[in-house]
Structures are given as C-alpha cells and as structure tokens.
Amino acid sequence: MAETKLVHSPLLTYASMLTLLSFTPPFVILMWYTNVHADGSILKTFNYLRENGLQGLINIWPKPTAIAGKLIICYALFEAALQLLLPGKRVEGPISPTGHRPVYKANGMQAYAVTLITYISLWWFGIFNPAIVYDHLGEIFSTLIFGSLIFCFFLYIKGHVAPSSTDSGSSGNIIVDFYWGMELYPRIGKHFDIKVFTNCRFGMMSWAVLAVTYCVKQHEEYGRVSDSMLVNTILMLVYVTKFFWWEAGYWNTMDIAHDRAGFYICWGCLVWVPSIYTSPGMYLVKQPVNLGLQLALYILVAGLLCIYINYDCDRQRQEFRRTNGKCTVWGKTPSKIVATYTTTSGEKKTSLLLTSGWWGLARHFHYVPEILAAFFWSVPALFNHFIPYFYVVFLIILLFDRAKRDDDRCKAKIAKVDGRVDQTPLFYKKEKQVDDWKVWQVLEIVL
C-alpha cells in the first residue's frame, strides 16, 4: 500500500490523525455556535466553555433531527441523480501506480448549473425557503458529523471485502486505514464514483448552495443584503464556478489521484467543507458590514484577479499535459523537466514537469492566488473578530502540508531527471542550476 508511507515521523503522524479524528467534529459545532449564537466572538464562546466545561459543549451541541436528515438526504439524492443521469464527456484520469486508469463522466458544470437554478427557483416561486437550511444549520452539521462517520466505516469495510479496483489494500493499522482510506477509486457499481460524489457533488456543491443560503437569510433578517455579503458571495460563487468548469482537471490532483477515500478526504468534504469553507459567509449573516462602494469594488476586483490567476495556473499545467509539452506558455515554447520513474509493476514511465509561465515562479505557485482569494472573500467582514479568517489560516496550513506531501511523494517516485539522478526532482533547473524556490518563498515576497 504505497500511498500510506508516512511523510512525517510516526509519532507526529499518529498524533495528528488522532487529534483530527477527536477534535474536528466538536470544532465544527463550535464554529457554527460562535457565528450564529455568539456574535462571531471566540471570546464569548471561550468564556461559556470555561464556565460550563464539557457539559457546556454537550448543551450547545444540537441533536440530529428528522428535518435535518430529510434536507441532507434530499440534497444527496438530487446530486447523486445529476451525477449519474446528466450527459457528459468521457474523461480518463491518470494512470495509477498499479496501472489502473479511471474513467469519468465530466458533467459537473451541468450539475452545478442545474443545482443553483433549481435552488434559487424553489425560493423565487415560494416553494422552499433556503432560510430553513440556515435555521437548522446546527442540526444539519450534527447529522452530517455522525452520518459521515458511519459512511467512512462503510468505506473501510468496503475496502476490505469489495474493493472496486486493484488500487486498494490495508496498511495493517486500523487507524491509518480508517483515516487515510482503503481504496483510491471506490465506486458503487460501475459508474458511481464515490470520491467524485463526496468531494465535488456534495462538498463543493454545498459551498455554493450555502453561500446563496446565507444571502437569503440575511435578506430575510434585515430586508437587504449588505455589500460585504455580496462581495463574499460573488467571490465564493465565482471560485466554485471555476472549480466545476475545471473539474476534469481536479481529477488529476492529489485529492483524487493519490489520497484514498477515508476520513481525511471523505469526512472532510462531507462535513468540513460545508461548515468551515463557508464560515465567512456564515459570520456575515448576523454581523453585516457596510464597506461602501469603492472598498467593495476594490476587494471584489482583487479577489476576481486572484481566482483568475489560480485558474490560469491550472489551465497552463492541464494544457501542457494534454499536449505532452507541445504548446505555448505565455507565447513561448515551455521549458520542462523530463523525469523517469518506475511503477509498482516494474514498468518504466516518463513524466514531464512544466517549468514555464506561473510554474516557472514556484513549484506550487497556484497556492499563492488561492490563499489570497480566500483572504479577499473573508476580508469583507473587516477585523472586528478573528473567526472569519480561520479558513484562511487553515488553508495555509493545509496547502503547505500538501506541498510537502506532494514534493516527498514525487521525490520517492521520480529517480532520474534529464538522465541523471537528482535528489530534488521538483526543483527547477535553470542554466544547469537548481532553483529551489518553493511556495513559501513566493509568499514571503508577495506578503
């Protein structure tokens, strides 16, 4: 099971896994409580817990309810039906270490459009009020927490008894298998890809749905939508639209092509994405901020520019891979590293690494505009409280860890660069020199 090799020391790895398994569920509830019932004040929530202890957490933890279950099930079934039934182009994913190549149906943009049009139409014609979702948000998160844990146990058992492909196996440690997952490409039947559903159609789609929900709820509360909420919602919706436009490219990323279906990915997308990624908008529902037209436009334009750069980074890499390097980047023939590696079956493969355009600035430069975009859809809340910026801090930690895991994985995978052994295959060679810029060095310059 190659993908379960530890990036960090065993002590740090197990400590981080147990910490996340134990503390992320209550953190989701505390995030909801702070934004909805504590005026966005971490200090208020802290004082409440200090006075009431563990019983205080139990008291504020909403019980899963029938209405929350119905909302989740209806949404999940609707998205599953769109994933299966909407037409889409046939797309092949990357070849796995065992030689397996997954096949997908690229209909994410259609599903995204149908979802938002349906949701907004139900509200517009008075059939369903999205404010109901906000009013039961704590119950929904609580139901998702426990329901998704059960789902992850299902994935663990499925990986043992009925794996969907040869890209599966056990590490021999139940905690590692549950946390990281047993299967790389689990499916139900031949066509229903579980990770596409959890990551894209449930998690990322819920980001857009909840962004709209928060707008509707604020309008219901105050009779208007603040300019800060509009900027936040527009930027989030543009980012999610970019994601679904580029969804086929996402299937080549670490989330899908390297991380197995376990607690880390699946519980994260089913629970953490709708609760934490949307938290700046959740905060603004009851703490509206009046930015003024000029400041609102500045933030909006800066955020849109960052989202575009993030998209263009991914577009350059995707086009480079699609044409096998026979394309132009910024009007020039791209420079590249030709690297060889050996699969688990002993087959020799060649990989091209783009070192031009945005990818000539840093190996993981696309993380820089992504972090800045997150800042710009959080900053409409201004600086009365820290809670709207938690997602930005979390994203920085997540992407730095992902950059390290990606670098270490590639170092282990790729043995030769340009015909010679190179201990740092992800570093760029310019005029026979190794340029070891990483994403954090670019961040130091930008910030």
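Residues numbered from 1 in each chain as written. Predicted model: local features only at pLDDT ≥ 70, side-chain atom pairs only at ≥ 80, totals over all residues. Heavy atoms only, no water.

Novice: How should the overall build of the protein chain be read in this particular structure?
Specialist: Of regular secondary structure, the protein chain possesses 17 helices and ten strands. Among the 447 residues that make up the protein chain, the fraction classed as buried is 54%. At a minimum sequence separation of 6, the contacts of the protein chain that also span at least 24 residues come to 74%. Here the protein chain has roughly 20,500 Å² of accessible surface; of this, 65% comes from carbon and sulfur atoms. (Helix = DSSP H or I, 4+ residues; strand = E, 2+ residues; numbered from the N terminus. Buried < 20%, exposed > 50% of the residue type's maximum accessible area, 1.4 Å probe, protein only. Contact = heavy atoms within 4.5 Å. Areas by Shrake-Rupley, 256 points an atom, 1.4 Å probe, with all protein chains shown as cover.)

Novice: I would appreciate a short explanation of the nonpolar core in the present structure.
Specialist: Grouped burial of nonpolar side chains is what soluble globular proteins tend to show. Residues W207, W251, Y277 and W377 are the most contacted members of the largest nonpolar core, which totals 124 residues. Top element by residues in this core is helix α8 (residues 194–222). It accounts for 15 residues. (Core = buried A, V, L, I, M, F, W, Y, C linked by side-chain atoms within 4.5 Å.)

Novice: Hey, could you run me through unusual backbone geometry in this one?
Specialist: The backbone of N324 shows a phi angle near 60 degrees, a positive value even though the residue is not glycine. Turning to its location among the elements, N324 is positioned in the loop between α14 (293–322) and β5 (336–342). Backbone geometry at L382 places phi at a positive 60 degrees, although glycine is not the residue there. Inspection of the secondary structure puts L382 in the loop between α15 (367–378) and α16 (390–413).

Novice: Looking at this model, I keep getting lost on the packing of aromatic side chains. Mind explaining?
Specialist: Working definition: an aromatic ring pair is given by the centre-to-centre distance plus the angle between the planes. Within this structure, the stated rule accounts for 38 aromatic pairs. Look at W61 and F146: their rings are 6.0 Å apart centre to centre, the planes differ by 35 degrees, and that puts the pair in the tilted class. With W61 in the loop between α2 (42–60) and α3 (66–85) and F146 in helix α6 (residues 137–161), this pair connects stretches of sequence that are 85 residues apart. On the basis of an interplanar angle of 80 degrees and a centroid distance of 5.0 Å, the ring pair of W330 and W358 is categorised as edge-to-face. On the criterion of sequence distance, the pair formed by W330 in the loop between α14 and β5 and W358 in the loop between β6 (348–354) and α15 is long-range, its members being 28 residues apart. Linked through ring pairs, F27, W207, Y239, W272, Y277, W377, F390, Y391 and F394 together constitute an aromatic cluster. (Phe/Tyr/Trp six-rings, centres within 6.5 Å; stacked < 30°, edge-to-face > 60°.)

Novice: When you look at the pattern of salt bridges in this model, what are you seeing that I'm missing?
Specialist: Two side chains that carry opposite charge are able to pair once their charged atoms sit near each other. Scanning all chains against the criterion turns up 13 salt bridges. Across the salt bridge formed by D39 and K44, the nearest N and O atoms sit 2.4 Å from each other. With a closest N to O distance of 3.0 Å, D255 and R402 form a salt bridge. Highlighted residues: D255 in helix α11 (residues 254–257) and R402 in helix α16, separated in sequence by 147 residues. Side by side, D255 and R402 carry an identical accessibility label, which is buried. (Salt bridge = Lys/Arg side-chain N within 4 Å of Asp/Glu carboxyl O.)

Novice: Can you help me understand the side chain of N107 in this one?
Specialist: Locating N107 in the fold gives a position in the loop between β2 (103–106) and α4 (108–124). Among the polar contacts made by the side chain of N107, one reaches the side chain of R201 at a distance of 3.0 Å. (Polar contact = N/O pair within 3.5 Å; in protein donor to acceptor, adjacent residues only side chain to side chain.)

Novice: Help me out: how do you make sense of the environment of Y277 in this one?
Specialist: Within the element layout of this structure, Y277 appears in helix α12 (residues 263–277). Of the residues examined, Y277 reaches a relative accessible area of 12% and is grouped as buried. Along the backbone, Y277 and P388 are 111 residues apart, and their C-alpha atoms lie at a distance of 10.0 Å. Among residues more than four places away in sequence, those in contact with Y277 are W207, M236, W272, Y391, F394 and L398.

Novice: What exactly am I supposed to notice about the packing of α6 against α8 here?
Specialist: Two packed helices can be described by the angle between their axes and the distance between those axes. The N-to-C vectors of α6 and α8 enclose an angle of 175 degrees; their axes lie 14 Å apart at closest approach. Considering their axes alone, α6 and α8 lie roughly antiparallel with respect to each other. Residues L137, L144, F151, F154 and L155 of α6 form the contact with α8, whose own contacting residues are I194, T198, F202, L210 and Y214. The class makeup of the residues in the contact of α6 with α8 is nine nonpolar, one polar and no charged. (Axes fitted to C-alpha atoms, helices over the stretch in contact; angles between N-to-C directions. Parallel < 35°, antiparallel > 145°, perpendicular 65-115°, else oblique. Nonpolar A, V, L, I, M, F, W, Y, C, P; charged D, E, K, R; others polar.)

Novice: Which parts of the structure should I look at to understand the state of the cysteines?
Specialist: Covalent bonding between the sulfur atoms of two cysteines defines a disulfide. Throughout the structure, instances matching the rule amount to zero disulfides. Looking at the unpaired C266, the closest cysteine sulfur is the one in C152, lying at 5.9 Å. Using a relative accessible area of 0% as the deciding quantity, one classes C266 as buried. (Disulfide = S-S within 2.5 Å.)

Novice: It is not clear to me how the environment of G69 should be interpreted in this structure. Could you clarify?
Specialist: Counting through the fold element by element, G69 comes out in helix α3. Residues G69 and G147 lie 78 residues apart in sequence; the distance between their C-alpha atoms is 9.2 Å.

Novice: Before we go on, may I ask you to explain the packing of α12 against helix α13 (residues 279–286) in this structure?
Specialist: For the pair α12 and α13, the least separation of the axes is 5 Å and the interaxial angle reads 45 degrees. As the angle between them shows, α12 and α13 are arranged oblique. Between α12, through S275, I276 and Y277, and α13, the contact on the second element is made entirely by S279, P280 and M282. Tallied by class, residues from the contact of α12 with α13 come to four nonpolar, two polar and no charged.

Note that every value here comes from positions in space, so none of it alone points to a role or purpose.
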